[in-house]
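Spelled out from the first residue to the last, the chains are:
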Amino acid sequence: MHYETNCGNLIKIIWHDGLGMSLYAKRLEKGRFLWPSPADGTVSISPAQLAYMLDGIDWRNPLHTFRPQRAG
């Protein structure tokens, strides 16, 4: 998997599954994607961190802002 950002609000993901490649792109209307600091020139993130980033959530301090009191 390869990630590329532009001005911090656009992410491009190239995914190779062994059979072919796919390109995914997502742009945030507000804010920027937050990346961990690179170690030895590489950045490693977990699937959960990627999911938070794609939703525009600060993965360093995710906040649950809404929880329904009851269903129905």
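Residues numbered from 1 in each chain as written. Predicted model: local features only at pLDDT ≥ 70, side-chain atom pairs only at ≥ 80, totals over all residues. Heavy atoms only, no water.

Before going further, it helps to examine the pairing of strand β3 (residues 21-27). Among the 7 residues that make up β3, 0 are buried, leaving the element largely open to the surroundings. As paired strands, strand β2 (residues 10-16) and β3 are joined by 7 bridges and run antiparallel to one another. Within β3, the residue paired with Ile 11 across the bridge is Lys 26. (Buried < 20%, exposed > 50% of the residue type's maximum accessible area, 1.4 Å probe, protein only. Helix = DSSP H or I, 4+ residues; strand = E, 2+ residues; numbered from the N terminus. Pairing = 2+ DSSP bridges.)

Turning next to a nonpolar patch on the surface. Together, Ile 14, Met 21 and Leu 23 line one region of the surface with nonpolar side chains, adding up to about 310 Å² of accessible area. Tracing the chain through its elements places Ile 14 in strand β2. On the basis of relative accessibility, which here comes to 30%, the residue Ile 14 falls in the partly exposed class. (Patch = residues over 30% accessible without salt bridge, like charges linked within 9 Å, V, L, I, M, F, W, Y side chains within 5 Å. Areas by Shrake-Rupley, 256 points an atom, 1.4 Å probe, with all protein chains shown as cover. Salt bridge = Lys/Arg side-chain N within 4 Å of Asp/Glu carboxyl O.)

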